[in-house]
Amino acid sequence: MNAPQELTSTSRRRNPATHRAILDATVRLLERDGYGPLTIEGIAASAGVGKQSIYRWWRGKAELVVEAYIAESDALVPAPDTGNVTDDLVAILDSVFAMIADYRSGVAMANKGLMAEAQLDSAFHEPYLALHQAWGKPQVTVLERAQARGDLRTDIAAQDLVDIILGATWYRLLLEHAPLDEAFARLVVRSVVESNRPDPAIRT
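Nothing here was measured: the structure is a model prediction, and the numbers come from that model. (Residues numbered from 1 in each chain as written. Predicted model: local features only at pLDDT ≥ 70, side-chain atom pairs only at ≥ 80, totals over all residues. Heavy atoms only, no water.)

Engineer: How do you make sense of the pattern of salt bridges when you look at a structure like this?
Structural biologist: Opposite charge on two side chains permits pairing when their charged atoms draw close. For the structure shown, the criterion picks out 11 salt bridges. Here Arg-145 and Asp-81 are joined by a salt bridge, their closest N and O atoms 3.9 Å apart. Note that Arg-145 is positioned in helix H7 (residues 122-149) and Asp-81 in the loop between helix H4 (61-76) and helix H5 (85-99), a separation of 64 residues in sequence. Glu-194 serves as the salt-bridge partner of Arg-197, at 3.3 Å between the closest nitrogen and oxygen. Residue Arg-197 is classed as partly exposed on the basis of its relative accessible area of 33%. Overall, Glu-194 belongs to the partly exposed group, its relative accessible area being 47%. One continuous salt-bridge network, built from bridges that share partners, spans Arg-104, Lys-112 and Glu-176. (Salt bridge = Lys/Arg side-chain N within 4 Å of Asp/Glu carboxyl O. Helix = DSSP H or I, 4+ residues; strand = E, 2+ residues; numbered from the N terminus. Buried < 20%, exposed > 50% of the residue type's maximum accessible area, 1.4 Å probe, protein only.)

Engineer: I tried to follow helix H2 (residues 40-47) on my own but got confused; where do I start?
Structural biologist: Three or four residues apart is the spacing at which side chains of an α-helix point the same way, because the helix has 3.6 residues per turn. Among the residues making up H2, those that are buried are Ile-40, Ile-43, Ala-44 and Ala-47. On an axial view of H2, the arc spanned by its buried residues comes to 100°, and they lie on one face. Note on H2: the residue one or two positions beyond its end, Gly-48, has a positive phi of about 75°. (Arc of directions from axis to C-beta.)

Here it is in C-alpha cells:
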C-alpha cells in the first residue's frame, strides 16, 4: 500500500489521507504498546509520513492521542434512539464492553495506560478529561432525551448519572476481578434508571 501523499513543508492544511493515516497509526500503536512507549517518531513511521507533518498539526503526543481516540469513539459508539432509555444505554455499554472485554490487550490496555498517565502527568490530565467527556457523550445524549420525554428525573444532571455508569465500568476494568459482560451492563443500567424515575405523585 502506498503511503499517503505528504504536504509541502510550508502548508498547514491537513491532507485528509495523511490525517487519517496518522490517527489510525496512533490508535494501532497505542493499543499494541500502551501510552508510555508511544512516540511521535513511531507514529510517523507506522503512518508512512514524516514526523514534521505530525508536529505541524499537533503540539505533542497527548493532543494527538486525544484526537485519535475521540474520532475512534465517535465512530464505534453512536448514541442509539429507540425511545427506551434502558435499551439505549445497554446497547452503548454492550458496544463498549465488547471493545474492552480482554483486560490485558487492545483497547482495554490502552485505556488503562492513559488513565495511569493522567494521574502521573498533570499536563496530560486536561486532554484526558476531554477524552473521557467524549466517551460519555452518547450516554449523556440518551439520558437527556429520556429526561425530555419525562422518563427520568430532571433535577439530576445527566453527566452525574454517566459518572456512576463509567465508575462501575472502570472499577471492573482496573481490578479485573469480574467480567464486563451483558449481565453487568443490564445491572448497572437498571440501577441507574430505576432509581431515577420521576415520582409519579408529582408528574404532570
